[in-house]
Amino acid sequence: MNVLNHKVRAFKPSLVALAIATTMVSGVSTAEVASPEAEQTVDEIVVVTGSRTEEKLEDVAGAVSVVTAEEIDMQVSNGLADVFRYDPSIQSTGTQGQPQTLSIRGIGGNRVVYIKDGRRLNDAYAGGGGYLVGRGYLDVTQVQQIEVAKAAASPLYGSDGLGGVVVISTPDPDDLLNGQDHHAGLTLGFDGINTEKKLGFSGAQQFDGSNAMIQVAARQGNETQNHEESLPGFDYDSQSVLAKWAVAVAKSDELMFSIDHFKQTTEQQLSETNQTDDDNRQTAFSIDYQRNQSNALADSQDWQLYITDYEQGSDQVRAGASRSGAYTDYNDYAFKQTIIGARWQAQKQLEQATVRHDLVFGFDADYYDTERPRFKTRIAVDGTVVQDNEPQKAFPGAETWLTGLFLQDNITFEDSAFKLIVGARLDHYDMSPNENTLYDMSELAEISETAFSPKLAGIYTFSSGVRGYLQYAEGFKIPPHDQAYQSHGIEPFYAILPNPDLQPESSRSLESGLKFSNDSTRWSFAAFYSHFDDFIETAVVGSSPTYIPGVERVEYQYVNQDKVTIKGAEASFTHWLNDYFRIDTTAAYVSGENDATGEALTSLSPLSGNFSLGYFGNQWHIRGILNAVATMDDVPSASPETGAFIETPGYTTLDILAGVSFGDWQVNLAALNITDKYYVPYQSVAGLPAQTPTEQYSQPGRSIAMQLSYEF
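Parameters and conventions
- Each residue is numbered by its place in its chain's sequence as written, counting from 1.
- Restriction of local features to residues with pLDDT of at least 70 applies here, the model being predicted, together with a cutoff of 80 or more for giving and counting side-chain atom pairs; totals for whole chains, interfaces and linings are based on all residues.
- Hydrogens and waters are ignored; side-chain quantities use all the structure's heavy atoms.
- Numbering of helices and strands runs from the N terminus, with a helix taken as a DSSP run of H or I at least four residues long and a strand as a DSSP run of E at least two residues long.
- Radius of gyration: over C-alpha atoms. The globule rule applied is 2.2 Å multiplied by the number of residues raised to the 0.38 power.
- To sort residues, take the accessible area from a 1.4 Å probe on protein chains only and compare it with the maximum for the residue type: under 20% means buried, over 50% means exposed, and anything in between is partly exposed.
- When checking whether two residues touch, look at their non-hydrogen atoms; a contact exists if any pair is within 4.5 Å.
- Throughout, the Shrake-Rupley method with a 1.4 Å probe supplies accessible areas, and for residues the shown protein chains are the sole cover considered.
- Each Phe, Tyr or Trp ring (for Trp, its six-membered ring) is paired with any other whose centre lies within 6.5 Å, and the angle between the two planes then decides the class: stacked below 30 degrees, edge-to-face above 60, tilted in between.
- Counted as over-ring charges are cases with an Arg CZ or a Lys NZ within 6 Å of the ring centre that also lie within 35 degrees of the ring normal.
- Think of a nonpolar core as a cluster: buried Ala, Val, Leu, Ile, Met, Phe, Trp, Tyr and Cys residues, connected wherever their side-chain atoms sit within 4.5 Å.
- Strand pairing is assigned whenever DSSP identifies at least 2 bridges connecting the two strands.
- Across the chain, each position has a pLDDT score giving the predictor's confidence in that residue, from 0 to 100.
- Patch membership is restricted to residues that have no salt bridge and whose relative accessible area is over 30%. Joining uses 9 Å for like charges and 5 Å for the nonpolar side chains Val, Leu, Ile, Met, Phe, Trp and Tyr.
- For this document, the term salt bridge refers to a Lys or Arg side-chain nitrogen within 4 Å of an Asp or Glu carboxyl oxygen.
- None of His or the chain ends enter the tally, which takes Lys and Arg as positive and Asp and Glu as negative.
- Charged side chains are reduced to one point each, which is NZ for Lys, CZ for Arg, CG for Asp and CD for Glu.
- Identification of polar contacts relies on pairs of N or O atoms within 3.5 Å, with a donor-acceptor requirement for protein atoms, meaning one able to donate a hydrogen and the other able to accept it, and with residues adjacent in sequence counted only if both atoms are side-chain atoms.

1. Here we look at the overall build of the chain
Next up, step 1: Looking only at helices and strands, the chain features nine helices and 38 strands.
Next up, step 2: Here the chain has a C-alpha radius of gyration of 26 Å; the compact-globule value for 712 residues is 27 Å, and the two agree.
Next up, step 3: Taken over the C-alpha atoms alone, the chain extends approximately 85 × 60 × 60 Å along its principal axes.
Next up, step 4: Taking all 712 residues of the chain together, the buried fraction comes to 52%.
Next up, step 5: In the chain, 67% of the contacts between residues at least 6 apart in sequence involve partners at least 24 apart.
Next up, step 6: For the chain, the accessible surface area stands at approximately 30400 Å², while carbon and sulfur atoms represent 54% of it.

Laid out in structure tokens, this is it:
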């Protein structure tokens, strides 16, 4: 049984400290620590985020969180936002039916790169209600494993790896077949938190010289309510299809064709003049070729060609009024992005007298075509058509080229417990605005830059089996097209001006930690320090008179202005007490400030963690999880302009996860917040004035989710 994949975490740093001291002082070997008759063991975890190729989690210099399909099922997780609900170092926004994003140690949005089956996922853009639209549109029932590397990832993954990388892997036909000739499975589920019903099917078949698989899933549900159940309602439904065909080529090579499709529609009707219909759809086609025959250049090679097409449409009906009288607006807003990409990656092992080099090198090339069409029809109360499907300004769209060359060398020394990791990546990008008659194109210029991202790390293995590591890495993010070319406003009150002189954001991160794993125990501790330069934020850059006496138009612009420092620590501990009982605990602390002002950041979370005790029998399991979050009072100082900022009290919640298997059936149950605790996460209200009512931001009360699976 994979402990990490089942781990839940708790605020018990003393347990981790005790484990470190005991392991390092005693020098006990792995065989001596493990219970010889134990049936449950800590399984080996394999990840790809550390080197873009498979390696053990313990061999990675840096903190990586991993959640597998088995853990997703045991948690009865139904969306990206709750997959990491028991990892306090990763925060999420959004719920089912809404955009969902992850934040890593206080850095999120487009400052984190998302990779799915080798493909870059589409960008996000700022939507209404503070949501970042365009990320998290996937069905987690079609996920094999999600990894989150929590440090600058640009040395391997390029732009957007400022704060980390999220790597999502879906199953291949071999994963479903598991050595058999065929596979078929059915999944049913219900989530009381939003009355979601889900249905999924998976099938795989072995053929002569090839194998294939397909997974389909459908969901229907409603809004996730706050504790008082006072939020406006909406309905959503989604459908997804994942299909792969793997063909054996030559001796041991493989050619794989993949189709990945997801669609979600959301409908909200509050009144005849307040309606919203959103349609999100994402489709990807890819061809992967894996060559396992070695030559002078490489021992193995991986090629990929892909195209991803994402489109978000929002049809809105809104009532309004002006000096001319009442009216109704019919808005047709959209965001479209097509990505065409190519990858080549190779591995080569070089043996010298006393040194071994494990090289990973290659190139990435991605082309982005982004559009933001917006149209408005306005009808006055007397039926007069004031505007008839007229285009509206936001940003004109852009074409972007990202190209990068990368190299990483994992160096091991004979008769030495030290491992050295050296890596670097050279990226070049070009971004140009699309021609659009709505905009003054003389204000919009091409942006072209080159970035160099180094990485240096070392790992030392003590005689006790404890691994200590130190890692330095740099990251960068190109200026987003919607910020560099943003050009719109509401006359005569304000305008957002484009800024083609934006520079890329950059980061420098340093992390040190300890890791240990044997048959019955796994623990880790990490401390990190990250400095971010040229953060892009909005600023007032001027004003101009208007036709209204005494009213000036305020002019905003996205500019490079902030230098930010974030530091913190995190720890986790997992241990089998005997053949059946296991404890898990984890905690995370992060703090940071704007270096220019000395003020606290609003993107961070308070000290938090969890503790769990679980029983894992041969056919059933049950686990209780206590989650604890401290008071958040590290907020920016009050000022005459903003007043005081909101703080949030600490809270604890209790969850129970259980499951039972009988024959080909598996039932999983998740009872969340079983004490019906009222609480408001700081991330939901960060940066709001202190007097802001928080009821709408409170989290759901007691809820139960269930999943039933059957394998034919």
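2. Notes on the packing of aromatic side chains
Next up, step 1: Applying the stated rule across the entire model yields 21 aromatic pairs.
Next up, step 2: Above the ring of Phe-528, the side-chain terminus of Arg-105 is found at 3.9 Å from the ring centroid.
Next up, step 3: Lying across the ring of Tyr-333, Arg-374 places its NZ or CZ 4.3 Å from the centre.

3. Some words on the environment of Ser-591
Next up, step 1: Mapped onto the fold, Ser-591 is located in strand S33 (residues 581-594).
Next up, step 2: Relative accessible area serves as the criterion here: at 11%, Ser-591 is assigned to the buried category.
Next up, step 3: Separated by 245 residues in sequence, Ser-591 and Ala-346 have C-alpha atoms that sit 39 Å apart.
Next up, step 4: Excluding anything up to four places from it in sequence, Ser-591 contacts Thr-565, Ile-566, Lys-567, Leu-604 and Asp-634.

4. Brief notes about the nonpolar core
Next up, step 1: The biggest cluster of nonpolar side chains holds 26 residues, and the ones touching the most others in it are Tyr-429, Met-431, Ile-447, Ala-484 and Tyr-485.
Next up, step 2: Going through the elements one at a time, strand S19 (300-322), strand S20 (325-351), strand S24 (398-413), strand S25 (418-433) and strand S26 (447-461) are the ones with two or more residues in this core.
Next up, step 3: Membership of the second largest hydrophobic core comes to 18 residues, among which are Val-67, Leu-80, Ile-146 and Ile-168.

5. Re the sheet that holds strand S6 (residues 107-108)
Next up, step 1: Strand order across the open sheet formed by three strands is S4-S5-S6, with antiparallel pairing between neighbours. Both outer strands of the open sheet, strand S4 (90-93) and S6, are each paired with one neighbouring strand and no more.
Next up, step 2: In this structure, S4 lies alongside strand S5 (residues 101-104), joined through four bridges in antiparallel fashion. Residue Gln-91 lies in a different strand from S5, and its bridge partner there is Ser-103.

6. Section: unusual backbone geometry
Next up, step 1: Located in the positive-phi region is Ala-250, a residue other than glycine, with phi close to 55°.
Next up, step 2: Tracing the chain through its elements places Ala-250 in the loop between strand S16 (235-249) and strand S17 (253-271).
Next up, step 3: Unusually for a residue other than glycine, Asp-415 sits at a positive phi of about 55°.
Next up, step 4: Mapped onto the elements of the fold, Asp-415 is located in the loop between S24 and S25.

7. Some words on the confidence of the model for the chain
Next up, step 1: On average, residues of the chain score 89 in pLDDT, and 93% of them reach the 70 mark or higher.
Next up, step 2: When pLDDT is averaged over each helix and strand of the chain, the minimum, 32, is found for helix H3 (residues 30-33) and the maximum, 98, for strand S37 (residues 665-672).

8. Some remarks on the pairing of S16
Next up, step 1: Here strand S15 (residues 210-222) pairs with S16 via 13 bridges, running antiparallel. Within S16, the position partnered with Arg-219 by the bridge is Ser-238.
Next up, step 2: Pairing of S16 with S17, which is carried by 15 bridges, proceeds in the antiparallel orientation. The residue of S17 that forms the bridge with Leu-242 is Asp-260.

9. Details of the sheet that holds strand S8 (residues 119-120)
Next up, step 1: Read from one edge to the other, the open sheet built from five strands follows the order S3-S11-S12-S7-S8, with strand pairing classed as mixed. The outermost strands of the open sheet, each flanked by one partner alone, are strand S3 (64-68) and S8.
Next up, step 2: Bridging between strand S11 (residues 145-149) and strand S12 (residues 165-169) involves five bridges; their strand directions are antiparallel. Bridge pairing in S12 links Gln-145 to Ser-169.

10. Focus: a negative patch on the surface
Next up, step 1: Among the surface-exposed residues, Asp-235, Glu-267, Asp-277, Asp-315 and Asp-332 lie close enough to one another that they form a single negatively charged patch.
Next up, step 2: One can find Asp-235 in strand S16.
Next up, step 3: Relative accessible area serves as the criterion here: at 42%, Asp-235 is assigned to the partly exposed category.

11. Observations regarding the pattern of salt bridges
Next up, step 1: One pass over the full model with this rule turns up 31 salt bridges.
Next up, step 2: Close ionic contact of Glu-196 with Arg-219 constitutes a salt bridge, the shortest N to O distance being 2.7 Å. In this pair, Glu-196 is assigned in strand S14 (residues 196-207) and Arg-219 in strand S15, connecting sequence segments 23 residues apart.
Next up, step 3: With a shortest N-O distance of 3.6 Å, Asp-299 and Lys-348 are connected by a salt bridge. On the criterion of sequence distance, the pair formed by Asp-299 in the loop between strand S18 (274-291) and S19 and Lys-348 in strand S20 is long-range, its members being 49 residues apart.
Next up, step 4: By relative accessible area, Lys-348 is classed as buried at 16%.
Next up, step 5: Among the charged side chains, a network of salt bridges with common partners joins Arg-52, Arg-343, Asp-364, Asp-366, Arg-425 and Asp-427.

12. Brief notes about the pairing of S20
Next up, step 1: The sheet contact formed by S19 and S20 spans 23 bridges and is antiparallel. Paired with Ala-321 across the two strands is Ala-326, which belongs to S20.
Next up, step 2: Relative to strand S22 (residues 374-380), S20 is paired through seven bridges, and the arrangement is antiparallel. Looking at the pairing, Asp-332 lines up with Phe-375 of S22.
Next up, step 3: Here S20 pairs with strand S21 (residues 355-371) via 16 bridges, running antiparallel. What sits directly across from Arg-343, in S21, is Asp-364.
Next up, step 4: Between the antiparallel neighbours S20 and S21 lie three residues.

13. Notes on the environment of Gly-468
Next up, step 1: Topologically, Gly-468 is positioned in strand S27 (residues 467-477).
Next up, step 2: A C-alpha to C-alpha distance of 41 Å links Gly-468 and Arg-702, two positions 234 residues apart in sequence.
Next up, step 3: Setting aside residues no more than four positions away along its own chain, Gly-468 makes contact with Gly-458, Ile-459, Tyr-460, Phe-462, Gly-513 and Leu-514.

14. What about a nonpolar patch on the surface?
Next up, step 1: On the surface, Leu-186, Leu-188, Leu-199, Phe-201, Ile-214, Val-216, Val-241 and Phe-712 cluster together to form a nonpolar patch covering roughly 630 Å² of accessible area.
Next up, step 2: Positionally, Val-216 belongs in strand S15.

15. Re the environment of Tyr-368
Next up, step 1: Examined against the element boundaries, Tyr-368 turns out to sit in strand S21.
Next up, step 2: Exposure remark for Tyr-368: the relative accessible area of 4% places this residue in the buried category.
Next up, step 3: The contacts of Tyr-368, once residues within four sequence positions are left out, are Arg-120, Leu-121, Asp-123, Gln-337, Thr-338, Ile-339, Ala-398, Glu-399, Thr-400 and Leu-402.
Next up, step 4: Polar contacts involving the side chain of Tyr-368 include one to the side chain of Arg-120, which spans 2.8 Å.

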